[in-house]
Amino acid sequence: MSEQLKFIVQQLNMEPFRKNFNLITFDSLEPMQLLQILNDVLAEIDPKQAMDIREEMPEQTVKRMSSLLGMLKYKPPGNLSDVSSFRQGLVTGSKPVVHPILHWLLQKVPELKKRAYLARFLVKLEVPAEFLQDDIINDTYHQYEELVEGFKTYHKECEHLRNSGFSTAEIRRDISAMEEEKDQLLKRVERLKRRVESVSNHQRMLEQARQLRVEKEREESLTHQKQEQKNQLFQAEQRLLRLQQQLKDLRQAAADAHPESLMKRLEEEIKINSYMVTEKLPKELEGLRRTVQYMQKVSSEPAMGQADLQEMEGKIKEVDSQINQLIEKKMMRNDPMDDKLTLYRQQASIIIRKKESKAEELQEAREELAAAEKELKQRSSQGQGSNGEEVIRGDELKRLVAKLRSKGTTYKKKRQELAELRAEYGVLQRTDELLRQRHDTVQQKLQTVEAQKGISGYSDTQEELERVSAIKSDLDEKKGRTLDDMSEMVKKLNSMIVEKKSALAPIIKELRSLRQRRAELNQEYEEKKAQYESCAAGLESNRSKLEQEVKALREEMAQNENRYHYINSMSEMQIQRAAEEMKAYVSSDPQEKKKTIREVYMKNIAEQELLGKKLREEQKVVRENHSANMEQMKMWRDLEQLMECKRQCFIKAQNQVSIGQVIQEGGEDRLVL
């Protein structure tokens, strides 16, 4: 807690709060002051929260703060998980409630600012379903959703541009450099205009240059079209060969067809179709619905930050570890019957996977067949004649091949002519080079003459002006074409909008009834779901009870089995031991008899009897001498006390000053003063 308070005080003393607190002053704040500081921090994250809480009712303050904290995904600590206690703590400004909020907010202020900004535009308004039945409200709500999606894309692009490394300073430098280049180009164009205006026939020369450029562009487009047509012709020939082979195979199959084989094929196809309809397609549809629900759930939630993602990843790891532990427990707890059924389960799963893969291959083949049939229809419709007849076949196809051969010879002739033209083009190109050289010499002479006359650069300016005027005319032409195209596009769009509206009107009417039907079905679904959940809960409780009983019975059975095996093994050992004992006892060998347990026990008994007899004799001697021994012990104790008393007296006599004379006579001690 002290570290938490230190962090809060440190952050509040920095920009932009600058509160100048220390631990004592912050801890001694009143509840109202503490709530005001919390409101200031929330106002830094969302400027709409900036206000004085004294001018607001406590209930409104708590509601406003709770809604913002919920939007920011704040989770109270474990001891404050109750909503009512959390609200009560906010109302009273309790430190255990407010301090964790401040600590959490101050840890991630920039991230929460971004989340609050996005929430202003991404948190959708909840409109009741009955209001959406109105066309105007429905259209407005759809426009609102489109604007929200547009904001998402623009925000992503903005973030991408911010993170891409471009800076405004570099862009400004580029713009200034481009403006300088633009000024230089404008000055150069002005100079060229002044040089070109004095040249005769410059308009005609500009027109010829424009025509030359147009022809070059046309030549490039024709070359591109020619290459595309060659590719299309090659693809069409390959497709024709493939379709002819398929037609041949189909004819052979039709020639070899019998009623039995057709019936068998139809039965197989019915089985495949029934499997697709009853098993495969419902599973795929359910998976797609589940995916759509997940996507809708994800899209309805607000944007998540890096901390939220890390928290979710941690939860996923914990759940994965729990799943692995449960799997290990299940594997350790497997029954023998389950082990026997494992082989059959594996075989069944392999067969199911093979069946699903074959169904997917069949579906892909059907899709390819449908695409080929569609393309064949398109080609046949494109190949129909002017009278609506189909493409010629058979003998007419042979005649067509002969025509193509004749056209091939014509093509070869034309190719030869093209080679001659290319040779002539080389000659003309050489002539053009010579003329260009002459032009350069004339240009040099012209420049010397201009220098002599004092008008140097006049011809260059004239050429540049012609080029600029040509560019301007091209731009004007393109601009005119663009305006015409835009006007036509606007007309087409308006007409398409009118058509779509007229086409969508009956669908919208039908959609309203379907929405009502959907609401009824949803209500019925909720009722059925509640019944199912209650029934499932009861069955689950019964199943858990039965599982517990089965587990207890299995444990008891295991204990009884262990006890049975132990008793059985012990009884066998005792029987074997008794047999060996009997064998040794009956044996005539004295050494074998000595090894028997009976002999060992008899020997031990005899030894113990001798020992008992000896002990009884010792007990008798002790009893007879007990009184004399006790009297002797008493005399020894008295002697010991007497000797101790003499020792004490002797010690005292040595320590004291002599006050008389001790005379010993006849075994008596006398003190003479």
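Relevant structure appears above.
If you're wondering where the values come from, they're calculated on a predicted model, not measured in any experiment. Counting restarts for each chain, with residues numbered from 1 along the sequence as it is written. This being a predicted model, a pLDDT of at least 70 is required before a residue's local features are given, and a value of 80 or more before pairs of side-chain atoms are given or counted; all residues contribute to the totals for chains, interfaces and linings. Only hydrogens and water are removed before side-chain values are computed, so all heavy atoms of the structure are retained for them.

### Quick notes on helix α5 (residues 83-92)
For clarity, the threshold we go by: Exposed residues in this analysis have more than 50% of their type's maximum accessible area, buried residues have under 20%, and partly exposed residues fall in between, with area computed by a 1.4 Å probe over protein chains only. Under the DSSP-based scheme used, a helix requires at least four consecutive residues in state H or I and a strand at least two consecutive residues in state E, with every element numbered from the N terminus. The arc under discussion is defined with respect to the helix axis, by the directions toward the C-beta atoms. It only takes one pair of heavy atoms within 4.5 Å for two residues to be counted as in contact.
Looking at α5, one finds that the buried residues are Phe86, Gly89 and Leu90. What you see down the axis of α5 is that its buried residues fit within an arc of 100°, all on one side. Next to the buried residues of α5 lie α3 (31-45), α4 (58-71) and α6 (95-107). Phi turns positive, to about 70°, at glycine 93, one or two residues after α5.

### Quick notes on the pattern of salt bridges
Using the following cut-off: Within this document, salt bridges are pairs made up of a side-chain nitrogen of Lys or Arg and a carboxyl oxygen of Asp or Glu, the two lying within 4 Å of each other.
One pass over the full model with this rule turns up ten salt bridges. For the salt bridge of lysine 113 with glutamate 44, the shortest nitrogen-to-oxygen distance reads 2.9 Å. With a gap of 69 residues between them, lysine 113 in helix α7 (residues 109-122) and glutamate 44 in helix α3 connect regions that are remote in the sequence. For lysine 113, a relative accessible area of 33% gives the class partly exposed. The closest approach of N and O atoms between glutamate 111 and arginine 115, which form a salt bridge, is 3.2 Å. One end of the pair, glutamate 111, and the other, arginine 115, are both in helix α7, four residues apart, so they sit about a helical turn from each other. A relative accessible area of 7% means that arginine 115 is categorised as buried.

### Quick notes on the packing of α3 against α6
A pair of packed helices can be characterised by two numbers: the angle between their axes and the separation between those axes. Here is the rule we go by: Think of each axis as a best-fit line through the C-alpha atoms, taken over the contacting stretch in the case of a helix, with angles from 0 to 180 degrees between the N-to-C directions. When describing relative orientation, an angle under 35 degrees is termed roughly parallel and one over 145 degrees roughly antiparallel, while 65 to 115 degrees is termed roughly perpendicular and anything else oblique. Should the near helix be turned anticlockwise from the far one by less than a right angle, the crossing is left-handed, and should it be turned clockwise, the crossing is right-handed.
The contact between α3 and α6 brings their axes to 11 Å, and the two run at 25°. Here α3 lies roughly parallel to α6, going by the angle between them. Viewed along their axes, α3 and α6 form a crossing whose handedness is left-handed. Residues Leu34, Leu35, Ile37, Leu38, Val41, Leu42 and Ile45 of α3 pack against Lys95, Val98, His99, Ile101, Leu102, Leu105 and Leu106 of α6.

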